[in-house]
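Notes for the structure review
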Amino acid sequence: MSDAAIIVNNLTFNYGYLKVIDDISLETPRGISFGLLGSNGAGKTTLIRLMVGLLKPAGGSILCLGKPPSPANARNIGYMPQLPSLYTELTVEQNIDFFARIYGLRDRQARSARVNDVIKLIDLVPKRKTQVIKLSGGMKQRVSLGCAIVHQPPLLFLDEPTVGLDPELRVRFWEHFESLTRAGNTLVISSHTMDDAAHCQQLAFMREGKIIALGSPAELRAATGKPDASLEDAFLYFIRRGEVQANV
Amino acid sequence: MYNIFTIARRTIIQLARDRRTLALIIIVPLVIASLVGVSLPSKQMLNTLLPALLATLILFFGFLLSGIAFLRERAQGTRERLLASPVSRLDIVVGYLLGFLLFAMVQTLILFFYAVYVLKVDFNGVLWQIIVFQLLIGILAVCLGIFISAFAKNEFQMVQFIPLLIVPQIFVCGVIFSVDQMPDYLQWLAKFLPLTYAVDGIRALMLNGKGLMDIGKEIGVLAAYAIGLMILAGISLRRGNAT
(Lines give C-alpha, C1' and ligand atoms only; values in the text may rest on other atoms or scores of the structure.)
Protein backbone atom coordinates (compact mmCIF):
# COMPACT_ATOMS: atom_id res chain seq x y z
CA MET A 1 0.00 0.00 0.00
CA SER A 2 1.27 3.46 -0.87
CA ASP A 3 2.21 5.82 1.96
CA ALA A 4 0.18 8.57 0.33
CA ALA A 5 -3.37 9.17 1.59
CA ILE A 6 -4.30 10.99 -1.60
CA ILE A 7 -2.68 10.98 -5.03
CA VAL A 8 -4.08 13.41 -7.59
CA ASN A 9 -2.66 13.44 -11.11
CA ASN A 10 -3.34 16.09 -13.76
CA LEU A 11 -6.87 16.64 -12.50
CA THR A 12 -9.17 18.90 -14.50
CA PHE A 13 -12.83 19.79 -14.09
CA ASN A 14 -15.05 22.23 -15.97
CA TYR A 15 -18.46 23.75 -15.33
CA GLY A 16 -19.52 24.20 -18.95
CA TYR A 17 -16.78 26.27 -20.57
CA LEU A 18 -15.41 27.45 -17.23
CA LYS A 19 -12.28 25.62 -16.13
CA VAL A 20 -12.71 25.22 -12.37
CA ILE A 21 -9.87 22.78 -11.70
CA ASP A 22 -6.91 23.29 -13.98
CA ASP A 23 -4.40 20.44 -14.17
CA ILE A 24 -3.85 19.83 -10.45
CA SER A 25 -1.42 17.20 -9.19
CA LEU A 26 -0.64 16.57 -5.55
CA GLU A 27 0.31 13.84 -3.11
CA THR A 28 -0.61 13.89 0.57
CA PRO A 29 1.20 11.73 3.12
CA ARG A 30 -0.89 9.81 5.65
CA GLY A 31 -1.40 11.11 9.16
CA ILE A 32 -1.19 14.83 8.51
CA SER A 33 -3.55 17.76 8.23
CA PHE A 34 -3.46 19.09 4.69
CA GLY A 35 -4.87 22.55 4.14
CA LEU A 36 -6.37 23.85 0.91
CA LEU A 37 -6.11 27.58 1.17
CA GLY A 38 -7.53 30.11 -1.24
CA SER A 39 -10.06 32.84 -1.69
CA ASN A 40 -13.71 32.17 -2.55
CA GLY A 41 -14.00 30.65 -6.01
CA ALA A 42 -10.44 29.31 -6.03
CA GLY A 43 -11.73 25.74 -6.54
CA LYS A 44 -11.25 24.34 -3.02
CA THR A 45 -14.79 22.97 -2.64
CA THR A 46 -14.79 21.57 -6.19
CA LEU A 47 -11.48 19.80 -5.51
CA ILE A 48 -12.88 18.24 -2.32
CA ARG A 49 -16.10 17.19 -4.10
CA LEU A 50 -13.99 15.54 -6.81
CA MET A 51 -11.92 13.72 -4.20
CA VAL A 52 -14.99 12.32 -2.40
CA GLY A 53 -16.51 11.23 -5.72
CA LEU A 54 -19.41 13.68 -5.90
CA LEU A 55 -18.11 15.08 -9.18
CA LYS A 56 -16.56 13.24 -12.08
CA PRO A 57 -13.25 14.65 -13.35
CA ALA A 58 -13.01 15.89 -16.94
CA GLY A 59 -9.46 14.52 -16.95
CA GLY A 60 -6.78 13.09 -14.68
CA SER A 61 -7.06 10.66 -11.78
CA ILE A 62 -7.63 10.55 -8.03
CA LEU A 63 -6.66 7.86 -5.55
CA CYS A 64 -7.87 8.06 -1.95
CA LEU A 65 -6.14 5.50 0.30
CA GLY A 66 -5.00 3.73 -2.86
CA LYS A 67 -8.45 3.47 -4.51
CA PRO A 68 -10.48 5.70 -6.82
CA PRO A 69 -13.51 7.39 -5.19
CA SER A 70 -16.48 4.97 -5.09
CA PRO A 71 -19.26 3.92 -2.71
CA ALA A 72 -17.16 0.85 -1.83
CA ASN A 73 -14.29 3.08 -0.66
CA ALA A 74 -16.61 5.63 0.99
CA ARG A 75 -16.63 3.79 4.33
CA ASN A 76 -12.99 4.81 4.87
CA ILE A 77 -13.75 8.43 4.15
CA GLY A 78 -15.48 11.09 6.21
CA TYR A 79 -16.95 14.18 4.57
CA MET A 80 -18.14 17.37 6.22
CA PRO A 81 -19.69 19.61 3.54
CA GLN A 82 -19.61 23.40 3.67
CA LEU A 83 -23.29 23.64 4.65
CA PRO A 84 -24.20 21.89 7.91
CA SER A 85 -26.11 19.31 5.75
CA LEU A 86 -28.26 17.81 8.48
CA TYR A 87 -31.83 16.54 8.80
CA THR A 88 -33.26 19.53 10.61
CA GLU A 89 -36.41 17.76 11.89
CA LEU A 90 -34.30 15.08 13.57
CA THR A 91 -32.53 15.48 16.89
CA VAL A 92 -28.77 15.74 17.35
CA GLU A 93 -28.65 12.10 18.42
CA GLN A 94 -30.86 10.89 15.54
CA ASN A 95 -28.68 12.64 12.95
CA ILE A 96 -25.44 11.17 14.29
CA ASP A 97 -27.05 7.75 14.74
CA PHE A 98 -28.33 7.82 11.13
CA PHE A 99 -24.86 8.48 9.71
CA ALA A 100 -23.35 5.88 12.07
CA ARG A 101 -25.78 3.31 10.61
CA ILE A 102 -25.17 4.13 6.95
CA TYR A 103 -21.41 4.07 7.51
CA GLY A 104 -21.72 0.50 8.77
CA LEU A 105 -21.87 0.66 12.57
CA ARG A 106 -24.47 -2.11 12.78
CA ASP A 107 -23.97 -3.45 16.27
CA ARG A 108 -26.49 -1.61 18.42
CA GLN A 109 -24.40 -1.41 21.61
CA ALA A 110 -21.20 -0.40 19.85
CA ARG A 111 -23.09 2.21 17.80
CA SER A 112 -24.85 3.62 20.81
CA ALA A 113 -21.53 3.91 22.70
CA ARG A 114 -19.86 5.61 19.73
CA VAL A 115 -22.77 8.05 19.24
CA ASN A 116 -22.55 8.93 22.95
CA ASP A 117 -18.79 9.50 22.66
CA VAL A 118 -19.26 11.77 19.64
CA ILE A 119 -21.99 13.79 21.36
CA LYS A 120 -19.64 14.29 24.34
CA LEU A 121 -16.81 15.22 22.01
CA ILE A 122 -18.83 17.92 20.25
CA ASP A 123 -20.04 19.05 23.67
CA LEU A 124 -23.74 18.78 22.97
CA VAL A 125 -24.83 16.34 25.70
CA PRO A 126 -27.57 18.66 27.02
CA LYS A 127 -28.88 19.12 23.45
CA ARG A 128 -28.82 15.49 22.35
CA LYS A 129 -32.64 15.27 22.19
CA THR A 130 -33.04 18.72 20.60
CA GLN A 131 -34.13 19.01 16.99
CA VAL A 132 -31.34 20.40 14.81
CA ILE A 133 -33.62 23.16 13.51
CA LYS A 134 -33.60 24.66 17.02
CA LEU A 135 -29.79 24.83 17.29
CA SER A 136 -27.50 27.81 16.67
CA GLY A 137 -25.20 27.91 13.62
CA GLY A 138 -22.14 26.88 15.65
CA MET A 139 -23.99 23.95 17.21
CA LYS A 140 -25.12 22.77 13.77
CA GLN A 141 -21.46 22.88 12.64
CA ARG A 142 -20.58 20.69 15.61
CA VAL A 143 -23.31 18.16 14.78
CA SER A 144 -22.13 18.17 11.16
CA LEU A 145 -18.59 17.37 12.33
CA GLY A 146 -20.00 14.64 14.57
CA CYS A 147 -21.76 13.02 11.59
CA ALA A 148 -18.52 13.09 9.58
CA ILE A 149 -16.33 11.48 12.26
CA VAL A 150 -18.76 9.01 13.85
CA HIS A 151 -17.40 6.04 11.84
CA GLN A 152 -13.79 7.00 12.67
CA PRO A 153 -12.59 7.27 9.07
CA PRO A 154 -8.83 7.22 8.39
CA LEU A 155 -9.32 9.97 5.78
CA LEU A 156 -11.46 13.00 6.52
CA PHE A 157 -12.46 15.85 4.19
CA LEU A 158 -13.61 19.00 5.95
CA ASP A 159 -14.91 21.81 3.76
CA GLU A 160 -14.48 25.09 5.65
CA PRO A 161 -15.26 23.45 9.02
CA THR A 162 -14.50 26.51 11.13
CA VAL A 163 -16.64 29.06 9.26
CA GLY A 164 -19.06 30.76 11.65
CA LEU A 165 -17.46 29.35 14.78
CA ASP A 166 -16.57 31.55 17.73
CA PRO A 167 -12.86 31.66 18.68
CA GLU A 168 -13.28 29.27 21.62
CA LEU A 169 -15.01 26.67 19.47
CA ARG A 170 -12.47 27.13 16.71
CA VAL A 171 -9.69 26.27 19.18
CA ARG A 172 -11.61 23.19 20.33
CA PHE A 173 -12.17 22.03 16.73
CA TRP A 174 -8.46 22.36 16.04
CA GLU A 175 -7.55 20.49 19.23
CA HIS A 176 -9.72 17.65 18.00
CA PHE A 177 -8.30 17.76 14.46
CA GLU A 178 -4.79 17.56 15.91
CA SER A 179 -5.76 14.57 18.07
CA LEU A 180 -7.09 12.85 14.93
CA THR A 181 -3.84 13.33 13.02
CA ARG A 182 -1.82 12.19 16.04
CA ALA A 183 -3.86 8.96 15.89
CA GLY A 184 -2.70 8.49 12.28
CA ASN A 185 -5.72 9.87 10.43
CA THR A 186 -5.37 12.19 7.45
CA LEU A 187 -7.35 15.41 7.29
CA VAL A 188 -7.96 17.56 4.24
CA ILE A 189 -9.26 20.95 5.34
CA SER A 190 -10.31 23.80 3.11
CA SER A 191 -10.25 27.32 4.44
CA HIS A 192 -9.73 30.91 3.48
CA THR A 193 -8.37 32.02 6.84
CA MET A 194 -4.67 32.15 7.69
CA ASP A 195 -5.52 31.16 11.26
CA ASP A 196 -6.67 27.73 10.01
CA ALA A 197 -3.73 27.50 7.62
CA ALA A 198 -1.24 27.93 10.45
CA HIS A 199 -2.55 24.74 12.09
CA CYS A 200 -2.00 22.58 8.99
CA GLN A 201 1.16 20.52 8.53
CA GLN A 202 1.05 20.83 4.75
CA LEU A 203 -0.59 23.53 2.68
CA ALA A 204 -1.68 24.05 -0.90
CA PHE A 205 -2.34 27.64 -1.91
CA MET A 206 -5.06 27.68 -4.56
CA ARG A 207 -6.02 30.35 -7.07
CA GLU A 208 -8.28 30.13 -10.12
CA GLY A 209 -8.39 26.35 -10.11
CA LYS A 210 -4.62 25.89 -9.81
CA ILE A 211 -2.24 25.10 -6.98
CA ILE A 212 0.18 28.00 -6.90
CA ALA A 213 2.29 26.73 -4.01
CA LEU A 214 2.68 23.54 -2.00
CA GLY A 215 4.63 22.93 1.22
CA SER A 216 4.66 23.22 4.99
CA PRO A 217 3.73 26.61 6.51
CA ALA A 218 7.42 27.16 7.41
CA GLU A 219 8.59 26.34 3.86
CA LEU A 220 6.00 28.64 2.32
CA ARG A 221 6.93 31.50 4.65
CA ALA A 222 10.63 30.95 3.97
CA ALA A 223 10.04 31.11 0.21
CA THR A 224 9.24 34.81 0.52
CA GLY A 225 12.84 35.49 1.56
CA LYS A 226 11.70 37.56 4.55
CA PRO A 227 12.50 36.09 7.98
CA ASP A 228 9.38 37.53 9.66
CA ALA A 229 6.93 36.77 6.83
CA SER A 230 3.48 35.61 7.85
CA LEU A 231 1.41 33.03 5.92
CA GLU A 232 -0.63 35.92 4.57
CA ASP A 233 2.58 37.46 3.19
CA ALA A 234 3.50 34.09 1.70
CA PHE A 235 0.08 33.75 0.05
CA LEU A 236 0.35 37.25 -1.48
CA TYR A 237 3.92 36.55 -2.52
CA PHE A 238 2.88 33.46 -4.53
CA ILE A 239 -0.08 35.28 -6.08
CA ARG A 240 2.18 38.17 -7.23
CA ARG A 241 4.85 35.78 -8.44
CA GLY A 242 2.20 33.98 -10.51
CA GLU A 243 1.02 37.28 -11.98
CA VAL A 244 4.58 38.31 -12.87
CA GLN A 245 5.25 34.93 -14.52
CA ALA A 246 2.00 35.22 -16.46
CA ASN A 247 3.03 38.66 -17.74
CA VAL A 248 6.52 37.62 -18.82
CA MET B 1 -31.16 -4.26 3.01
CA TYR B 2 -29.77 -2.65 6.18
CA ASN B 3 -29.16 0.65 4.40
CA ILE B 4 -32.65 0.57 2.85
CA PHE B 5 -34.28 0.12 6.26
CA THR B 6 -32.04 2.80 7.76
CA ILE B 7 -33.15 5.32 5.14
CA ALA B 8 -36.81 4.23 5.42
CA ARG B 9 -36.63 4.54 9.21
CA ARG B 10 -35.17 8.02 8.96
CA THR B 11 -37.85 9.09 6.45
CA ILE B 12 -40.58 7.85 8.79
CA ILE B 13 -39.09 9.60 11.86
CA GLN B 14 -38.65 12.79 9.83
CA LEU B 15 -42.27 12.89 8.66
CA ALA B 16 -43.63 11.76 12.02
CA ARG B 17 -41.80 14.65 13.70
CA ASP B 18 -43.44 17.11 11.33
CA ARG B 19 -46.82 17.02 13.07
CA ARG B 20 -48.49 19.61 10.86
CA THR B 21 -47.64 17.78 7.63
CA LEU B 22 -48.72 14.52 9.23
CA ALA B 23 -52.07 16.00 10.22
CA LEU B 24 -52.57 17.45 6.74
CA ILE B 25 -51.83 14.09 5.09
CA ILE B 26 -54.69 12.59 7.08
CA ILE B 27 -57.14 15.48 7.34
CA VAL B 28 -57.02 16.87 3.77
CA PRO B 29 -58.20 13.63 2.08
CA LEU B 30 -61.04 13.37 4.62
CA VAL B 31 -62.10 16.97 3.95
CA ILE B 32 -62.03 16.40 0.18
CA ALA B 33 -63.94 13.12 0.53
CA SER B 34 -66.53 14.80 2.79
CA LEU B 35 -67.03 17.64 0.31
CA VAL B 36 -67.45 15.13 -2.49
CA GLY B 37 -69.80 13.09 -0.31
CA VAL B 38 -72.15 15.96 0.54
CA SER B 39 -71.99 17.74 -2.81
CA LEU B 40 -72.80 14.90 -5.19
CA PRO B 41 -76.49 14.54 -6.04
CA SER B 42 -76.58 10.76 -6.49
CA LYS B 43 -75.18 7.65 -4.84
CA GLN B 44 -74.09 6.36 -8.22
CA MET B 45 -71.86 9.41 -8.79
CA LEU B 46 -70.38 8.98 -5.32
CA ASN B 47 -69.64 5.32 -6.10
CA THR B 48 -67.82 6.34 -9.25
CA LEU B 49 -65.89 9.26 -7.86
CA LEU B 50 -64.67 8.12 -4.44
CA PRO B 51 -62.65 5.06 -5.55
CA ALA B 52 -61.05 7.29 -8.20
CA LEU B 53 -60.29 9.80 -5.45
CA LEU B 54 -58.49 7.07 -3.50
CA ALA B 55 -56.15 6.45 -6.45
CA THR B 56 -55.76 10.16 -7.27
CA LEU B 57 -54.86 11.20 -3.72
CA ILE B 58 -52.15 8.58 -3.36
CA LEU B 59 -50.65 9.75 -6.66
CA PHE B 60 -50.89 13.38 -5.58
CA PHE B 61 -49.49 13.02 -2.06
CA GLY B 62 -46.85 10.45 -3.05
CA PHE B 63 -45.58 12.78 -5.77
CA LEU B 64 -45.71 15.94 -3.68
CA LEU B 65 -44.23 14.58 -0.45
CA SER B 66 -41.39 12.63 -2.05
CA GLY B 67 -40.64 15.44 -4.50
CA ILE B 68 -40.40 18.10 -1.80
CA ALA B 69 -38.56 15.79 0.60
CA PHE B 70 -35.96 15.09 -2.08
CA LEU B 71 -35.69 18.72 -2.99
CA ARG B 72 -35.00 19.52 0.64
CA GLU B 73 -32.36 16.79 0.73
CA ARG B 74 -30.65 18.63 -2.09
CA ALA B 75 -31.16 22.14 -0.71
CA GLN B 76 -29.93 21.33 2.81
CA GLY B 77 -26.99 19.29 1.49
CA THR B 78 -27.97 15.91 2.94
CA ARG B 79 -28.31 14.42 -0.57
CA GLU B 80 -24.68 15.31 -1.18
CA ARG B 81 -23.72 13.73 2.12
CA LEU B 82 -25.66 10.57 1.29
CA LEU B 83 -24.11 10.33 -2.17
CA ALA B 84 -20.64 10.60 -0.61
CA SER B 85 -21.48 7.72 1.76
CA PRO B 86 -21.41 3.95 1.09
CA VAL B 87 -25.18 3.79 0.31
CA SER B 88 -26.18 2.99 -3.25
CA ARG B 89 -28.74 4.87 -5.35
CA LEU B 90 -31.04 1.86 -5.10
CA ASP B 91 -30.80 2.00 -1.28
CA ILE B 92 -31.85 5.66 -1.37
CA VAL B 93 -34.80 5.21 -3.78
CA VAL B 94 -36.13 2.02 -2.14
CA GLY B 95 -35.57 3.43 1.36
CA TYR B 96 -37.64 6.47 0.48
CA LEU B 97 -40.27 4.26 -1.12
CA LEU B 98 -40.68 2.14 2.00
CA GLY B 99 -40.87 5.19 4.24
CA PHE B 100 -43.44 7.04 2.17
CA LEU B 101 -45.50 3.97 1.38
CA LEU B 102 -46.17 3.51 5.08
CA PHE B 103 -47.84 6.94 5.19
CA ALA B 104 -49.57 6.30 1.86
CA MET B 105 -51.05 3.11 3.30
CA VAL B 106 -52.26 4.81 6.45
CA GLN B 107 -53.87 7.47 4.28
CA THR B 108 -55.47 4.85 2.01
CA LEU B 109 -56.88 2.89 4.95
CA ILE B 110 -58.34 5.95 6.65
CA LEU B 111 -59.90 7.17 3.40
CA PHE B 112 -61.16 3.70 2.53
CA PHE B 113 -62.93 3.16 5.84
CA TYR B 114 -64.32 6.70 5.76
CA ALA B 115 -65.67 6.16 2.24
CA VAL B 116 -67.19 2.74 2.94
CA TYR B 117 -68.49 3.17 6.50
CA VAL B 118 -69.24 6.91 6.77
CA LEU B 119 -70.07 7.94 3.21
CA LYS B 120 -71.57 4.48 2.47
CA VAL B 121 -69.82 3.95 -0.85
CA ASP B 122 -70.60 0.49 -2.26
CA PHE B 123 -67.82 -1.97 -1.64
CA ASN B 124 -67.70 -5.25 -3.43
CA GLY B 125 -64.09 -6.36 -3.20
CA VAL B 126 -61.24 -7.52 -0.98
CA LEU B 127 -59.39 -4.97 1.17
CA TRP B 128 -55.88 -6.46 0.89
CA GLN B 129 -56.10 -6.40 -2.90
CA ILE B 130 -56.98 -2.72 -2.79
CA ILE B 131 -53.95 -2.11 -0.54
CA VAL B 132 -51.66 -3.98 -2.95
CA PHE B 133 -52.98 -1.98 -5.91
CA GLN B 134 -52.67 1.30 -4.01
CA LEU B 135 -49.07 0.37 -3.12
CA LEU B 136 -48.31 0.06 -6.81
CA ILE B 137 -49.71 3.55 -7.47
CA GLY B 138 -47.72 4.78 -4.46
CA ILE B 139 -44.45 3.37 -5.84
CA LEU B 140 -45.12 5.09 -9.15
CA ALA B 141 -45.95 8.38 -7.40
CA VAL B 142 -42.84 8.38 -5.15
CA CYS B 143 -40.51 7.59 -8.08
CA LEU B 144 -42.19 10.32 -10.16
CA GLY B 145 -41.63 12.77 -7.30
CA ILE B 146 -37.95 11.83 -6.89
CA PHE B 147 -37.33 12.09 -10.64
CA ILE B 148 -39.17 15.39 -11.13
CA SER B 149 -37.44 16.95 -8.09
CA ALA B 150 -34.23 16.84 -10.16
CA PHE B 151 -35.79 19.49 -12.44
CA ALA B 152 -36.90 21.85 -9.66
CA LYS B 153 -34.57 24.23 -7.86
CA ASN B 154 -36.97 25.06 -5.03
CA GLU B 155 -40.32 24.13 -3.47
CA PHE B 156 -42.11 26.79 -5.52
CA GLN B 157 -40.94 25.21 -8.77
CA MET B 158 -41.82 21.73 -7.48
CA VAL B 159 -45.39 22.81 -6.76
CA GLN B 160 -45.63 24.16 -10.34
CA PHE B 161 -45.34 20.59 -11.59
CA ILE B 162 -48.68 19.70 -9.98
CA PRO B 163 -50.79 21.66 -12.52
CA LEU B 164 -48.54 20.29 -15.24
CA LEU B 165 -48.42 16.61 -14.31
CA ILE B 166 -51.24 15.80 -11.88
CA VAL B 167 -54.20 18.14 -12.55
CA PRO B 168 -54.50 17.34 -16.30
CA GLN B 169 -54.65 13.65 -15.43
CA ILE B 170 -57.59 14.29 -13.08
CA PHE B 171 -59.58 15.74 -16.02
CA VAL B 172 -58.39 13.40 -18.77
CA CYS B 173 -58.13 10.03 -17.02
CA GLY B 174 -61.75 9.44 -16.08
CA VAL B 175 -61.67 10.57 -12.45
CA ILE B 176 -64.59 12.98 -12.94
CA PHE B 177 -65.71 12.55 -16.55
CA SER B 178 -65.91 9.27 -18.41
CA VAL B 179 -63.06 8.83 -20.89
CA ASP B 180 -65.51 7.34 -23.47
CA GLN B 181 -67.34 10.66 -23.77
CA MET B 182 -64.21 12.70 -24.50
CA PRO B 183 -62.94 13.75 -27.95
CA ASP B 184 -60.89 11.09 -29.72
CA TYR B 185 -57.55 12.84 -29.19
CA LEU B 186 -58.14 13.06 -25.43
CA GLN B 187 -59.11 9.38 -25.35
CA TRP B 188 -55.87 8.66 -27.17
CA LEU B 189 -53.95 10.81 -24.68
CA ALA B 190 -55.63 9.07 -21.73
CA LYS B 191 -54.20 5.76 -22.91
CA PHE B 192 -50.70 7.06 -22.14
CA LEU B 193 -51.43 8.46 -18.68
CA PRO B 194 -50.96 6.25 -15.62
CA LEU B 195 -53.94 7.64 -13.68
CA THR B 196 -56.29 6.14 -16.33
CA TYR B 197 -55.12 2.66 -15.38
CA ALA B 198 -55.07 3.49 -11.67
CA VAL B 199 -58.70 4.69 -11.77
CA ASP B 200 -59.93 1.78 -13.93
CA GLY B 201 -58.17 -0.71 -11.69
CA ILE B 202 -59.40 0.63 -8.36
CA ARG B 203 -63.00 0.90 -9.63
CA ALA B 204 -62.85 -2.70 -10.84
CA LEU B 205 -61.52 -3.84 -7.45
CA MET B 206 -63.93 -1.82 -5.31
CA LEU B 207 -67.15 -1.85 -7.29
CA ASN B 208 -67.17 -4.66 -9.83
CA GLY B 209 -66.09 -7.50 -7.58
CA LYS B 210 -62.99 -8.14 -9.61
CA GLY B 211 -59.65 -9.36 -8.24
CA LEU B 212 -56.05 -8.46 -9.02
CA MET B 213 -55.92 -11.33 -11.55
CA ASP B 214 -58.72 -9.68 -13.53
CA ILE B 215 -56.94 -6.35 -13.95
CA GLY B 216 -53.68 -7.61 -15.40
CA LYS B 217 -53.52 -4.87 -18.03
CA GLU B 218 -53.86 -2.07 -15.47
CA ILE B 219 -51.29 -3.68 -13.15
CA GLY B 220 -48.92 -4.29 -16.07
CA VAL B 221 -49.05 -0.70 -17.32
CA LEU B 222 -48.68 0.79 -13.82
CA ALA B 223 -45.80 -1.59 -13.01
CA ALA B 224 -44.06 -0.62 -16.26
CA TYR B 225 -44.47 3.07 -15.36
CA ALA B 226 -43.22 2.41 -11.82
CA ILE B 227 -40.12 0.53 -13.03
CA GLY B 228 -39.38 3.14 -15.69
CA LEU B 229 -39.70 5.98 -13.19
CA MET B 230 -37.60 4.09 -10.63
CA ILE B 231 -34.79 3.81 -13.19
CA LEU B 232 -35.12 7.51 -14.04
CA ALA B 233 -35.13 8.39 -10.33
CA GLY B 234 -31.94 6.33 -9.90
CA ILE B 235 -30.28 8.05 -12.86
CA SER B 236 -31.16 11.47 -11.42
CA LEU B 237 -29.20 10.48 -8.28
CA ARG B 238 -26.08 9.47 -10.16
CA ARG B 239 -22.87 9.77 -8.17
CA GLY B 240 -20.35 12.01 -9.90
CA ASN B 241 -23.24 14.15 -11.07
CA ALA B 242 -24.00 16.06 -7.87
CA THR B 243 -24.86 19.69 -8.42
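Residues numbered from 1 in each chain as written. Chains lettered and ligands numbered in written order. Predicted model: local features only at pLDDT ≥ 70, side-chain atom pairs only at ≥ 80, totals over all residues. Heavy atoms only, no water.

On to the environment of threonine 28 of chain A. Residue and element names in this part refer to chain A. The topology assignment puts threonine 28 in strand S2 (residues 18-29). What makes threonine 28 buried here is its relative accessible area of 0%. With 211 residues separating them along the chain, threonine 28 and isoleucine 239 place their C-alpha atoms 22 Å apart. If we skip the residues at most four places from it in the chain, threonine 28 touches Ala4, Ala5, Ile6, Phe34 and Thr186. (Helix = DSSP H or I, 4+ residues; strand = E, 2+ residues; numbered from the N terminus. Buried < 20%, exposed > 50% of the residue type's maximum accessible area, 1.4 Å probe, protein only. Contact = heavy atoms within 4.5 Å.)

Residues and elements named next belong to chain B. Residue placement: aspartate 214 occurs in the loop between helix H9 (194-206) and helix H10 (216-236). Taking the C-alpha atoms as reference, aspartate 214 lies 9.2 Å from glycine 201; in sequence the two are 13 residues apart. Within the structure, aspartate 214 has its side chain in polar contact with the backbone nitrogen of glycine 211 (distance 2.8 Å). (Polar contact = N/O pair within 3.5 Å; in protein donor to acceptor, adjacent residues only side chain to side chain.)

Under the definition given, this model contains 15 salt bridges over all chains. For arginine 111 of chain A, the salt bridge is made with aspartate 97 of chain A, and the minimal N-O distance between the two is 3.0 Å. With arginine 111 of chain A in helix H3 (residues 108-121) and aspartate 97 of chain A in helix H2 (residues 92-102), the pair connects residues that are 14 residues apart, well separated along the chain. Between arginine 10 of chain B and glutamate 73 of chain B there is a salt bridge whose closest N-O contact spans 3.0 Å. (Salt bridge = Lys/Arg side-chain N within 4 Å of Asp/Glu carboxyl O.)

Residue-level contacts link 37 residues of chain A with 28 residues of chain B. Between chain A and chain B, the buried area comes to about 2900 Å², and carbon and sulfur atoms account for 55% of it. When the buried surface of chain A facing chain B is broken down by residue, Leu54, Tyr87 and Glu89 of chain A rank first, second and third, together holding 22% of it. At the surface where chain A touches chain B, the tally comes to three salt bridges. Seen at the junction of chain A and chain B, the total is 14 residue pairs in polar contact (both at pLDDT 80 or more). Those elements giving two or more residues to the side of chain A that touches chain B turn out to be strand S5 (77-80), H2 and helix H4 (137-149) of chain A. The element that contributes the greatest number of residues to the side of chain A that touches chain B is H2 of chain A, accounting for six residues. (Buried area = accessible area lost by both parts, 1.4 Å probe.)

Here we come to the confidence of the model for chain B. Within chain B, residue pLDDT values average 86, and 98% of them lie at 70 or more. Mean pLDDT values over the elements of chain B span from 84, in helix H2 (residues 19-39) of chain B, up to 91, in H9 of chain B. (pLDDT = per-residue confidence, 0-100.)

The next point concerns a nonpolar patch on the surface. Residue and element names in this part refer to chain B. Together, Ile27, Val31, Leu35 and Val38 give the surface a local cluster of nonpolar side chains, amounting to about 400 Å² of exposed area. As for its placement among the helices and strands, leucine 35 is situated in helix H2. Note on leucine 35: relative accessible area 54%, which makes it exposed. (Patch = residues over 30% accessible without salt bridge, like charges linked within 9 Å, V, L, I, M, F, W, Y side chains within 5 Å. Areas by Shrake-Rupley, 256 points an atom, 1.4 Å probe, with all protein chains shown as cover.)

This brings us to empty space enclosed by the protein. It is a probe the size of a water molecule, rolled over the atoms, that shows where empty space is left. All names here are of chain B. One pass over the full model with this rule turns up four cavities of 30 Å³ or more. Reported here for the largest cavity is a volume of approximately 90 Å³. Residue lining of the largest cavity: 13 residues in total, with Phe61, Gly62, Leu65, Phe100 and Ala104 positioned closest to the centre. For the lining of the largest cavity, the secondary-structure elements that each account for two or more residues are helix H3 (43-75), helix H5 (89-118) and helix H6 (127-149). Across the lining of the largest cavity, the residue classes break down as ten nonpolar, three polar and no charged. (1 Å grid on protein atoms, 1.4 Å probe; cavity = no way out; pocket = protein on both sides within 12 Å on 5 of 7 lines; lining within 4 Å. Points joined across faces, edges and corners; volume = space filled by probe spheres on them. Nonpolar A, V, L, I, M, F, W, Y, C, P; charged D, E, K, R; others polar.)

Applying the stated rule across the entire model yields 17 aromatic pairs over all chains. Centre to centre, the rings of phenylalanine 13 of chain A and tyrosine 15 of chain A are 5.0 Å apart; their planes meet at 90 degrees, and the pair counts as edge-to-face. For tyrosine 15 of chain A, a relative accessible area of 40% gives the class partly exposed. Centroid distance phenylalanine 147 of chain B to phenylalanine 151 of chain B: 5.1 Å. Interplanar angle 85 degrees. Geometry classified as edge-to-face. Relative accessible area serves as the criterion here: at 17%, phenylalanine 147 of chain B is assigned to the buried category. Members of the aromatic cluster, connected to one another through ring pairs, are Phe205, Phe235, Tyr237 and Phe238 of chain A. Positioned over the ring face of phenylalanine 98 of chain A is arginine 10 of chain B, at 5.1 Å from the centre of the ring. Here the guanidinium or amino end of arginine 81 of chain B rests over the ring plane of phenylalanine 99 of chain A, the centre of that ring lying 5.2 Å away. (Phe/Tyr/Trp six-rings, centres within 6.5 Å; stacked < 30°, edge-to-face > 60°. Lys NZ or Arg CZ within 6 Å of the ring centre and 35° of its normal.)

Another aspect to go through is the nonpolar core. Formed by 132 residues in total, the largest nonpolar core has its most connected members in Met51, Ile96 and Phe157 of chain A. Of all the elements, H3 of chain B adds the most residues to this core, at 16 residues. Those residues in contact with phenylalanine 157 of chain A that lie beyond four places of it in its chain are Ile6, Ile48, Met51, Val52, Cys64, Ile77, Gly78, Tyr79, Met80 and Val188 of chain A. Formed by 27 residues, the second largest nonpolar core is a distinct cluster that contains Leu165, Leu169, Phe173 and Met194 of chain A. (Core = buried A, V, L, I, M, F, W, Y, C linked by side-chain atoms within 4.5 Å.)

Turning our eyes to something else, we now look at the pairing of strand S9 (residues 210-215) of chain A. Taken residue by residue, a regular strand's side chains alternate between the two faces of the sheet. Residue and element names in this part refer to chain A. Examined bridge by bridge, strand S8 (residues 202-207) and S9 share five bridges and lie antiparallel to one another. Looking at the pairing, arginine 207 lines up with lysine 210 of S9. Connecting S8 to the antiparallel partner S9 that follows it, the hairpin turn spans two residues, and glutamate 208 within it adopts a positive phi of roughly 50 degrees. (Pairing = 2+ DSSP bridges.)

Residues and elements named next belong to chain A. Contact geometry for H2 and H3: axes closest at 10 Å, N-to-C directions at 130 degrees. Regarding the angle of H2 to H3, the classification is oblique. The two elements H2 and H3 cross, and the hand of that crossing is right-handed. Across the interface between the two elements, Glu93, Ile96, Asp97, Ala100 and Arg101 of H2 pack against Arg111, Val115, Val118 and Ile119 of H3. A per-class count over the contact of H2 with H3 returns five nonpolar, no polar and four charged. (Axes fitted to C-alpha atoms, helices over the stretch in contact; angles between N-to-C directions. Parallel < 35°, antiparallel > 145°, perpendicular 65-115°, else oblique. Left-handed = near helix turned anticlockwise from the far one by under 90°.)

On to the confidence of the model for chain A, then. Looking at chain A, the pLDDT average stands at 89 and 97% of residues meet or exceed 70. Mean pLDDT across the elements of chain A bottoms out in helix H8 (residues 231-247) of chain A (79) and peaks in H2 of chain A (96).

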